[in-house]
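The lines below spell out each chain.
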Amino acid sequence: MSKLSRTYAKQSVYNSHITTQSIFISGATGYIAQHIILQLLARGDKVVGQVRSAAKGDSFVKDFNNKNFSYEIVKVLEQEGAFDDVLAKHPEVTVFIHTASPVNFDIEDNERDILIPAIKGTKNVLASIKKSTPQIKRVVVTSSVVAAATHSELEDPKYVGGEDSWLPTTYEEGKSADAQSAYATSKKYAELAAWEFVKEEKPNFILSSVLPGYVFGPQAFESGLENLNLTAAVVANALQLKKDDEVPIFGGVSVDVRDIALAHIYAFDKEETAGKRLVGYNNRFLFQQVVDVIRKNFKDLTDVLPVGNPIAPDHFDTYNPFVDVESRKALGIDYIPFEKTIVEHITQILDHQKK
Ligand code: NAP
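Computed from a predicted structure; not experimentally measured.

A. Summary view of the site of the ligand. As a matter of local geometry, the ligand sits amid 25 residues, with Thr29, Thr99, Tyr183, Lys187 and Asn229 nearest to it. At a separation of 2.8 Å, an oxygen atom of the ligand approaches a polar side-chain atom of Arg52. Calculation on the ligand without its partners gives an accessible area of 880 Å², and the protein chains cover 88% of this total. Those elements giving two or more residues to the shell around the ligand turn out to be helix H3 (31-43), helix H9 (179-201) and strand S7 (214-216). The residue makeup of the shell around the ligand, split by class, is 11 nonpolar, 11 polar and 3 charged.

Right, dumping it as structure tokens:
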């Protein structure tokens with residue numbers, strides 16, 4: 001059992017879970033999905049994870065080391081009916097969590113590499129659920145705060161978003177934009193497609209979407225450190241800075257990976273979250289604060305990393321761009337503080353390097 005599995009298993013929120021459920025999760029190999037799966041397994045739920053290859057599936061069976069985890073292979077999300085057969089094999093499943101989506105800015109073609117897999121993939125998943133597993137009662141789609149606001153809005157302390165906030169970028173603009181904007185556009189149109197599907201097709205399930213900010217925090221397994229996803233790499237990259245480097249200026253809203261995993265579970269397990277867009281973040285941050293936290297907590301690095309322009313720890317305390325979103329309250333998560341997230345993220349990397 002991994003260190004994190006043991007921690008999850010000890011927490012009362014998991015032990016108080018009474019009815020065992022069977023959950024199908026797409027993108028099981030992902031940074032966030034692995035934590036969702038660990039938390040579900042710790043509650044005693046059964047999980048079927050979709051992966052793109054048997055090699056990845058087999059290595060996760062080893063990592064999770066739990067008889068309640070199994071996997072199915074779906075290689076291409078955007079192929080119509082992609083999930084029909086694998087879902088038909090699982091009449092026991094009553095919940096679907098759709099996390100799979102390209103999170104990659106190193107691409108050649110925005111439409112082929114990001115927009116189509118994200119949007120068509122979401123439509124395919126929902127169509128297959130309606131066709132093959134009508135017993136599924138709750139579906140959770142992982143969206144993003146970037147589907148609801150522009151980067152400058154997320155960085156503007158005066159911005160206030162709401163339930164109906166959507167990124168203004170159009171599909172056509174997303175096709176020719178930089179990869180980061182194409183990603184945001186893919187999240188907007190994939191989430192919109194999900195809400196539209198429910199409206200038009202009236203399936204048996206209730207939909208909820210989760211809109212995470214930047215996700216930081218330790219990997220579910222140390223094996224994840226070999227191939228960090230985009231946002232986990234943002235924190236790791238701070239360790240590459242040299243004393244005289246400029247500290248890059250960017251930021252947004254952020255959340256601990258373990259909290260956003262819990263948000264996905266609450267998104268299907270709580271009455272209050274049914275049919276809602278669930279914005280999930282703890283705080284606003286600037287990258288400078290990642291550097292500040294590392295310099296403060298890791299004495300060996302204090303004089304190695306650049307000082308930059310340190311930010312007072314409580315600088316963004318009152319900043320909440322989605323203050324009016326009722327569903328944020330419905331989640332009711334007691335978020336892990338930013339400093340703890342960064343410290344545990346970095347500790348895992350440094351411990352691994354020492355091995
Ligand atoms: P991740 O570690 O890169 O995971 C992405 C998952 O999607 C992986 O399982 C990957 O499979 C799968 N995937 C990617 N492209 C695919 C494609 N074309 N066809 C089929 N599967 C594909 O990223 P993550 O952070 O966990 O992201 C999970 C979800 O959270 C995504 O929907 C993402 O947009 C959303 N999100 C993430 C953040 C964040 O800060 N990380 C913030 C907001 C929203 P392989 O392992 O086979 O590549």
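B. The arrangement of the packing of aromatic side chains in detail. Summed over all chains, the structure comprises 15 aromatic pairs. With a centroid separation of 6.4 Å and an interplanar angle of 75 degrees, the aromatic rings of Phe24 and Phe83 are classed as edge-to-face. Of this pair, Phe24 sits in strand S1 (residues 22-26) while Phe83 sits in the loop between strand S3 (69-73) and helix H5 (84-88), and the two are 59 residues apart along the sequence. We classify Phe24 as buried; its relative accessible area is 0%. Since its relative accessible area comes to 0%, Phe83 is described here as buried.

C. Focus on the pairing of S1. Among the 5 residues of S1, 5 are classified as buried, and the element is accordingly described as predominantly covered. Residue alternation in S1 divides its side chains into two sets, Ser22, Phe24 and Ser26 and Ile23 and Ile25, and both sets are buried. Across 4 bridges, the pairing between S1 and strand S2 (residues 46-51) is parallel. Across the sheet, the residue bridging to Ile23 is Val47, located in S2. In the classification by handedness, the crossover that spans S1, the intervening H3 and the parallel S2 is right-handed. Bridge count between S1 and strand S4 (residues 95-98): 4 bridges; the pairing is parallel. For Ile23, the partnering residue across the bridge sits in S4 and is Val95.

Conventions we followed
Residues numbered from 1 in each chain as written. Predicted model: local features only at pLDDT ≥ 70, side-chain atom pairs only at ≥ 80, totals over all residues. Heavy atoms only, no water. Near = heavy atom within 4 Å. Polar contact = N/O pair within 3.5 Å; in protein donor to acceptor, adjacent residues only side chain to side chain. Areas by Shrake-Rupley, 256 points an atom, 1.4 Å probe, with all protein chains shown as cover. Helix = DSSP H or I, 4+ residues; strand = E, 2+ residues; numbered from the N terminus. Nonpolar A, V, L, I, M, F, W, Y, C, P; charged D, E, K, R; others polar. Phe/Tyr/Trp six-rings, centres within 6.5 Å; stacked < 30°, edge-to-face > 60°. Buried < 20%, exposed > 50% of the residue type's maximum accessible area, 1.4 Å probe, protein only. Pairing = 2+ DSSP bridges. Right-handed = clockwise from strand over helix to strand, strands pointing away.

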